[in-house]
Amino acid sequence: KQKYQSIRDGKMNIRDGFIKPNPNGRSCTLMNIHIGKHASAGEFFQHEERRPRPLLLHKQEARRLLQKTDRQPGMTIVPLRAYWSEQNKVKFEIGLCRGKNVRDKRQD
């Protein structure tokens, strides 16, 4: 509950986040997303800021993402955008991308 209020206040950072498909191919986990603590809640009601968060996906979607990351080394699933749905749920737009090489000189 408190994390949704923090997200509404703009205290979420998805810049370093990535999505890790579970090896069973049935679900995915959102990793390394920072959701700040809510200012007016007590310490007991706070959440961990960088804990892994499960994503709700269809089994077919999770299996397809696992296959694409397993078949091609260097492919990563990243969250591109977070938004609120009509039912007041936080949704993520995700994308499959290739990571930079160590010798790559492009800017971050």
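Q: Just give me the short version of the side chain of Thr29, but keep the residues and values in it.
A: Here Thr29 is to be found in strand E3 (residues 28-31). Here Thr29 falls in the buried class, since its relative accessible area comes to 16%. Here the side chain of Thr29 touches Asn22 through a polar contact of 3.4 Å, side chain to side chain.

Q: Summarise helix H2 (residues 59-71); cite the residues concerned and give the values.
A: For H2, with 13 residues, the first-to-last C-alpha span of 18 Å sits near the 18 Å given by 1.5 Å per residue. Every buried residue of H2 is accounted for by Ala62, Leu65, Leu66 and Thr69. Viewed along the axis of H2, the buried residues span an arc of 100°, placing them on a single side of the element. Away from its buried face, by an angle of more than 90 degrees, H2 presents the exposed residues Gln60 and Arg71.

Q: Summarise unusual backbone geometry; cite the residues concerned and give the values.
A: Even without being a glycine, Asn32 presents a positive backbone phi close to 65°. With respect to the element layout, Asn32 can be found in the loop between E3 and strand E4 (34-35). Phi is positive for Asn88, close to 60°, though the residue is something other than glycine. Tracing the backbone through its elements, the reader meets Asn88 in the loop between strand E6 (75-84) and strand E7 (90-98). Exposure remark for Asn88: the relative accessible area of 52% places this residue in the exposed category.

Reading the values: rules and limits
Residues numbered from 1 in each chain as written. Predicted model: local features only at pLDDT ≥ 70, side-chain atom pairs only at ≥ 80, totals over all residues. Heavy atoms only, no water. Helix = DSSP H or I, 4+ residues; strand = E, 2+ residues; numbered from the N terminus. Buried < 20%, exposed > 50% of the residue type's maximum accessible area, 1.4 Å probe, protein only. Polar contact = N/O pair within 3.5 Å; in protein donor to acceptor, adjacent residues only side chain to side chain. Expected span 1.5 Å × (residues − 1). Arc of directions from axis to C-beta.

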